[in-house]
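# Report on the structure
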Amino acid sequence: MTAGFTAGALALSTSIALVSYQVARSSLLAERERTAVRAAYLDATVVQSGLAADRPDILEILRSLDTGGNRRAVLHRDGEWYARNLDAGVTSAIPPALQQLAHAGEPVVQRVRAGGQPALVIGVPLAPGTTFYEVDSLIELQNTLRVLAIVLTLVALSTAVAAAALGRHATGYVLRPLRRVTDAAQEITDGNLTARLDPAAEPDLARLTTSFNGMVDQLSARMQRDRRFAADVSHELRSPLQTLEAAASVLARRRDRLDERSATAVDLVNAEVARFQALVNDLIELARSDQPAERSPVDVPDLARQVCRTHGVPPELVTVEEGTERTWLVDRRRVTQLLSNLIENAQRHGGGPSAVRLGTDPDGYLLTVEDEGPGIRPEDREVIFDRFVRGRAAHVRGAGDGTGLGLALVAQHAAAHGGRAGVTDRPGGGARFYVHLPRRDT
């Protein structure tokens, strides 16, 4: 809209300026020609009167003319030129075609350039073989038209600038309701499901406001139901799972008394119980992962080393790029969880992490975990962060091993900060998992 206002105003003002300039130019030029012709005829009358005398002094007659500083008079008589002063290129400025017409007895007027400047030539036949010429400089008119062109150009540009300001104001006013919708949608994206539009603020958009608020209400209710269902199921599973874990631990303690097949079955039961326990824990975490991040100053390098120690990974793998601040404004619990999940993913499917890097870019913080495993195929790099992906796609890394929620939780924790998670190739082979968290001051 701003560009439209500006382009329209510029086109209109330019058209008006061009028309105004052409009208003014034509009017001023016509008036200037009339004035010059009138003056030339008066001077021609004086010269004709002087030539009627016996033995006329042509140079003296020409000097008696009051031509001012712009007009120069010459006389062509019997094949010779006479000028009141030195010729200074006056006769050369009179076109031959105009001389022929004048010598034939026809008064003529023509615009020419004399000495590189615009001028008007008036030829007045006085008698056979005698023609009076005046070359009238138009330099003052040219300067006037130049000033007029500059003024009209400035007016056109000023009009365009004013139209741009008006268009920007109008755009802001017209798009204000959409900006409020955008702000509310951004708050909802950040996890604030209480954000709503005020119907009284924009009565003209009452239908849009009502529809938007209704959509958010339904979305919020559905998400609440999903979280409540996941939490309820997880808590309901905890009691039988604890019983199974206790029974499995009893069997594990008596493993040496069992035959080989029974011992193998006990190992499988323990592994599945541990996997089931991880699934329940991930479900509980997932049930509350849509809440906004609770930011606080966190020494992330120190936190990363603590997580590495917890998982039996050398803390020396943690490196901090030069210029990266140690304290980040993030949710400590979420960053701990996503680091743990990335390290567990590298241990389980990539032979263990080879590097944990902390750095920054112009937009925020960058946390990277690298491994030397088989890597991730390009077609799997987006879907690998989806929930329960390992149950849907057997070709994805780790399919059939793990809960399928670890990397999904990484993406959820990054999204809670307004960031993103992704994976690329590691130079030399393997995978590089990264989490980008936008920098916040508050």
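Residues numbered from 1 in each chain as written. Predicted model: local features only at pLDDT ≥ 70, side-chain atom pairs only at ≥ 80, totals over all residues. Heavy atoms only, no water.

### Brief notes about the packing of helix α1 (residues 2-51) against helix α4 (residues 139-189)
- It is the contact of α1 with α4, at a shortest axis distance of 8 Å, that shows an interaxial angle of 160°. Our classification of the angle between α1 and α4 gives roughly antiparallel. Between α1 and α4 the crossing geometry is right-handed.
- Residue classes in the contact of α1 with α4 are distributed as 19 nonpolar, nine polar and three charged. (Axes fitted to C-alpha atoms, helices over the stretch in contact; angles between N-to-C directions. Helix = DSSP H or I, 4+ residues; strand = E, 2+ residues; numbered from the N terminus. Parallel < 35°, antiparallel > 145°, perpendicular 65-115°, else oblique. Left-handed = near helix turned anticlockwise from the far one by under 90°. Nonpolar A, V, L, I, M, F, W, Y, C, P; charged D, E, K, R; others polar.)

### Focus on the sheet that holds strand β5 (residues 130-137)
- Pairing in this open sheet of five strands is antiparallel, and the strands run β2-β1-β5-β4-β3 from one edge to the other. If you trace the sheet from one side to the other, it starts and ends with β2 (80-83) and β3 (108-114), each paired once. Here the average twist between neighbouring strands, direction ignored, is 25°.
- Sheet analysis places strand β1 (residues 71-77) next to β2, joined by four bridges and oriented antiparallel. Following the sheet pairing, Leu75 is matched in β2 by Tyr82.
- Taken strand by strand, helix α3 (residues 96-103) contacts β1, β2, β3, β4 (117-127) and β5, and its axis lies near 140° from that of β5. (Pairing = 2+ DSSP bridges. Contact = heavy atoms within 4.5 Å.)

### Overview of the pairing of β5
- Burial within β5 is extensive, with eight of its eight residues counted as buried.
- Burial along β5 is two-sided: Thr130, Phe132, Glu134 and Asp136 and Thr131, Tyr133, Val135 and Ser137, pointing in opposite directions, are all buried.
- Direction of pairing for β1 relative to β5: antiparallel, over a ladder of seven bridges. Bridge pairing in β5 links Arg72 to Val135.
- Two elements, β4 and β5, share eight bridges in a ladder whose sense is antiparallel. Counted as the bridge partner of Ala119 is Ser137 from β5. (Buried < 20%, exposed > 50% of the residue type's maximum accessible area, 1.4 Å probe, protein only.)

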